[in-house]
Structures are given as C-alpha cells and as structure tokens.
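Listed here are the chains, written in short residue letters.
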Amino acid sequence: MTQNIAPLGIIGLGTMGRNLALNLADHAVPLVAWERDGALAARARAELPDGTIWADDAADLARRLASPRAVLLMVTAGAAVDAVIAALRPHLEAGDVIVDGGNTDAVDTARRQEALAADGIHLIGLGVSGGEEGARRGPALMAGGDAAAWDRVAPTLQAVAARAADGTPCCDRLGGGAAGHFVKTVHNGIEYAVMQALAEAYDLMRHGLSMDVDRIGETFATWNRGPGGGYLVEIAADVVRTRDSNGAPLLDKVVDRAGQKGTGRWASLAALDLGVAAPSIAEAVFARAVSAARDERQVLAAKAPEAVQIDPADLEAAFRAATLLSFLQGFVLIAAADARDGWKVDPVAVAKVWRAGCILRAPLLDRLAEAFAGLAPGTHPLAAPSLRAELAETLPGLRRTAAAGIGAGYAVPALTSSLSWHDGMVRARVPADFLQGLRDKFGAHTFERLDAPGNHHADWSGS
Ligand code: 6PG
C-alpha cells in the first residue's frame, strides 16, 4: 500500500462522521476523508491523526482508495445521500462497496441498492445507534445488504463497535437488502415508545403523586438497577434531576414541544403499510404531535389533572410491561417486513446487536435474545414462556397504573396502547365479527362464516 492509498474512505465529517472517524483512527484504520463543508473539514482535520489522507472531491477520494473500494457515507439522510452517491458513482467500479451509515429510510436504501447493482456496486445500509458518544466510543451497528460485500467491511466495523458483556461486537449483518436500515428505523420507533412510557411515568410521579425531581430521579435510578433498567432509564434519572443556574429544575424551563426527525413516523408508516399493529410506537409519535400543538393546548387548557393513588411498585411494573410490549411490537414489525422482502432477519441477532452501544441497550435484550432463541421460527414472540412470565408479573401493575392515570385525567397513551395491544393479541375472539356485520349492512362488504366457506351477505334487518 502506498502512502496515499487507504482501505476505507469516509465522506461526511459532521458530528457522527467525525466521531466515527476518530474511533476508526483509534483502531489504526487508515482513512481517506472528504468533507464538503469547510468549517466541518477544518474541525475534523484538527482532531484526526496526521496520517489521515484528505481528498478534494469524490474523484480524488476514489483514486486514493485501495481497490475494491469501500466508502462509508456519514451524511444527512435524504437528498444528500443521493447527491454524494451521484458524485461518487462515475469513479467507482464493479465490486466496490458503499456503506450508508445515516438514518436512512429503508425504502431509499432498497431503491439505491437496485440502482447501483446495475454497475455491480454494492450498497450496505448501516444503522448506527448510540449518538455522538456511541460513534466515538462504540456504536451498535445494524447492517443489511450483500453478504460478500459485508464480509469485506465487517472486520473494520466490528472493531469499532460496542461490545456486549460477553465480548461479542454489537455489529452484525442482520439480513439482505435494506434490513439494516429497517431494523434501525424500528429501533428508533421502540426508542420513541420507551421514552414516551418514561415521560408518562414522570408525569404521574411529578403531578399525580407530587414527587419532587430528586425523588423522581432516585426512583428512575432504582428502576435502572432492576430488571427494567437500561440506558434510557439511566439518563432519565440524570435529566429529571438537572438544575438550572438558579437551582430550579431545568425541565421546568423547557418548552413542552418534542421534536422529531422522522424515524418514529417511518416505523409507524411501515406498520400501517404492512397491516401490523405497532400502536405503542405510533402513539408515541402521536404524543409528540400533541406536544407540538402547544398553541392550541394553551387555549384549550382545562383544570390540571388530579392527584393519583399509585403504588410505586405498580408504576415500575407498568413501565416494564409497556417497554417489553413495545419491543415485541417492534420485533413483530421487523418479522412482517422480512416476510414481505425476504431479508432473512434473525430476531436473536437483532436483540444481540441491541445489547450494547445503542440507545435501547438494556438487560432486557439478553432476555429477549434468549426467549427468541427458544421459539420455533414464525412463532409470535408473545408465546415465549419467559416473556409470558415477565408479563404475568408486570401486567397487573400496568392495569392499575393505567386505570388510575386515566381516572385522574392523565394522558398515558404508551401505557394504554401497550396494554390494549397485549389484551387484543391474547383474545381468541375479538369484536371484529361485529365490525363485519356493520360493514356488510352499510356497504355489502360481505363476511366470512365460521360454519361455511366463502363470502356471505345478510340483510342485517335486526330480526
Ligand atoms: C440513535 C438515535 C439517533 C437519534 C434519533 C433521534 O439510535 O442513536 O436514535 O438516531 O438520536 O434519530 O430521533 P428524533 O430526533 O426523531 O427523536
């Protein structure tokens, strides 16, 4: 290898790209880097080691890469990815690999994979989780695409990924096609649901139980040491206790309007498209929409909700149950997309990749991996005996907490949607017979009978 040739190119040195590049440099991976934005490039140049090769443009980057080339894109998902691929493509050859490490919509990844395949260029969609700190110290990496192309870049990416407690890198090819980006989208959807469940628990504690932020922080810290703990619970304890310069809780100064970049919405849209129920994810997106309607809420604001009586153990159980049920909805969604697109995703591998480095990291992932490993392929995850046992322990607390919250006027959609999903899924017979009757009466939509084949129509005259 000559001095000006490196095995990996990286395009995009914003926050995530720069931190991942620094992480790669720590692992002695020689890099060719290209960043269009002068200020971002200057900052990255100051931080990355001297041996880093700086390319002037896409052509220069391609020239300075060992063949077959491997290029990691760390640019903002969307049009920027198309623009960079368009700039790069004329300078690539068959067998080269592009790895898109952005929060890209799986639909876009599938489209780009197909387009690039015409030139024999492989595109690996790589979900990267863990934020800035994860990129720097060890992210979870969820890959999808051609197996042989993945094998070429896997050792490098596995070296910089987070490691689970057993030493396994949290970096895997989770399936073909756009599997990696789809799994990352669902990861984020679950992230929305778990965060919403935490927000509801915070609301009930702060306003329903009149607990101060220190006690709430201690409560989250206690939960974090138990079976429902995890990164999001850990940071909940920090966030709630943080003070402003005058010593008041900082949260009380924060505008109650949640932002979103779209991945929760994509997960919900995918569920709707696939006809799969993922209500905890969708309700978490809707809760952000309610939060965003702040001006309307100011006008409509009624009497504040009342005090609630909730056993603290019930609240913890409620959070645990809602979290588990949100995860299971996510896994059902992945399985449905996989059944349609044929990626061959192993849920055990997904749970294992999420064990460290990502925002969802939690001891629950070990329990999920073990539970899924014991299930015959195609079995619904709610059938797993160990998960049923967890739910038997936590659902009573979820029922009591949801009922108390609703009774006192609190909106608890993450808790109630999780519960309703569970209760619907474990009923052999749901009232859709009645829906069919209504549909057939007003629109002659027909219905199926339990006792005879075919489609039937009745006059539903009431007698
Ligand atoms: C991660 C995060 C990361 C990002 C989310 C935030 O896994 O590291 O999920 O991807 O923080 O996209 O999403 P919202 O801005 O939509 O909440």
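Look a little higher up for the structure.
What counts, and at which threshold
Residues numbered from 1 in each chain as written. Predicted model: local features only at pLDDT ≥ 70, side-chain atom pairs only at ≥ 80, totals over all residues. Heavy atoms only, no water. Patch = residues over 30% accessible without salt bridge, like charges linked within 9 Å, V, L, I, M, F, W, Y side chains within 5 Å. Areas by Shrake-Rupley, 256 points an atom, 1.4 Å probe, with all protein chains shown as cover. Salt bridge = Lys/Arg side-chain N within 4 Å of Asp/Glu carboxyl O. Helix = DSSP H or I, 4+ residues; strand = E, 2+ residues; numbered from the N terminus. Buried < 20%, exposed > 50% of the residue type's maximum accessible area, 1.4 Å probe, protein only. Pairing = 2+ DSSP bridges. Right-handed = clockwise from strand over helix to strand, strands pointing away. Contact = heavy atoms within 4.5 Å. Axes fitted to C-alpha atoms, helices over the stretch in contact; angles between N-to-C directions. Near = heavy atom within 4 Å. Polar contact = N/O pair within 3.5 Å; in protein donor to acceptor, adjacent residues only side chain to side chain. 1 Å grid on protein atoms, 1.4 Å probe; cavity = no way out; pocket = protein on both sides within 12 Å on 5 of 7 lines; lining within 4 Å. Sits in = over half its atoms within 2 Å of the grid points. Nonpolar A, V, L, I, M, F, W, Y, C, P; charged D, E, K, R; others polar. Points joined across faces, edges and corners; volume = space filled by probe spheres on them.

**A look at a nonpolar patch on the surface**
There is a patch of nonpolar side chains on the surface, built from Phe434, Leu435, Leu438 and Phe442 and spanning about 470 Å² of accessible area. Mapping leucine 438 onto the fold places it in helix H19 (residues 432-443). Classification of leucine 438 by relative accessible area gives partly exposed; the value is 39%.

**Here we look at the pairing of strand S8 (residues 171-175)**
Pairing of strand S7 (residues 140-144) with S8 involves 4 bridges; the strand directions are parallel. Its bridge partner lying in S8, methionine 142 is registered against aspartate 172. Read from S7 through helix H7 (residues 147-160) to S8, the crossover connection turns out right-handed.

**Notes on the pattern of salt bridges**
Tallying each qualifying case throughout the model produces 28 salt bridges. For arginine 111, the salt bridge identified is with aspartate 108, shortest N-O distance 3.4 Å. Remark: aspartate 108 and arginine 111 occur in helix H5 (residues 106-117); sequence separation between them is 3 residues, near one turn of the helix. Relative accessible area serves as the criterion here: at 40%, arginine 111 is assigned to the partly exposed category. Of the residues examined, aspartate 108 reaches a relative accessible area of 22% and is grouped as partly exposed. The shortest N-O distance in the salt bridge between arginine 429 and aspartate 433 comes to 3.0 Å. On the basis of relative accessible area, arginine 429 is assigned to the partly exposed category, the value being 48%.

**Some details on the sheet that holds strand S4 (residues 70-73)**
A sheet is described by the order of its strands in space; here 8 strands give the open sequence S3-S2-S1-S4-S5-S6-S7-S8, paired in mixed fashion. A single partner strand is all that each edge strand has here, and the edge strands are strand S3 (53-54) and S8. Sheet topology note: the strand S1 (residues 8-11)/strand S2 (residues 31-34) ladder contains 4 bridges and is parallel. Looking at S2, one finds that isoleucine 11 is bridged to tryptophan 34. Helix H4 (residues 79-88) rests against S1, S4 and strand S5 (97-100) of the sheet, and its axis sits at about 155° to S4.

**Quick notes on the site of the ligand**
Taken together, 14 residues form the shell around the ligand, and within it Ser129, Glu191, Tyr192, Lys261 and Arg288 come nearest. At 3.1 Å, a backbone N or O of glycine 131 approaches an oxygen atom of the ligand. Contact distances for the ligand include 2.8 Å between an oxygen atom and a side-chain N or O atom of arginine 288. Here the ligand has 420 Å² of accessible area as a free molecule, and 81% of this is covered by the chains. With respect to the pocket detection grid, the ligand is positioned in the second largest pocket. No other element matches helix H8 (residues 179-208), which puts 5 residues into the shell around the ligand. In terms of residue class, the shell around the ligand is made up of 2 nonpolar, 8 polar and 4 charged.

**Considering empty space enclosed by the protein**
A full pass over the atoms with the stated rule returns 1 cavity of 30 Å³ or more. If you trace the largest cavity, you find 20 residues lining it, with Gly228, Gly229, Thr323, Phe327 and Ala362 closest to the centre. Ranked by the residues each element gives to the lining of the largest cavity, the list is headed by helix H14 (residues 312-341), at 5 residues. In the lining of the largest cavity, the residues fall into 12 nonpolar, 4 polar and 4 charged.

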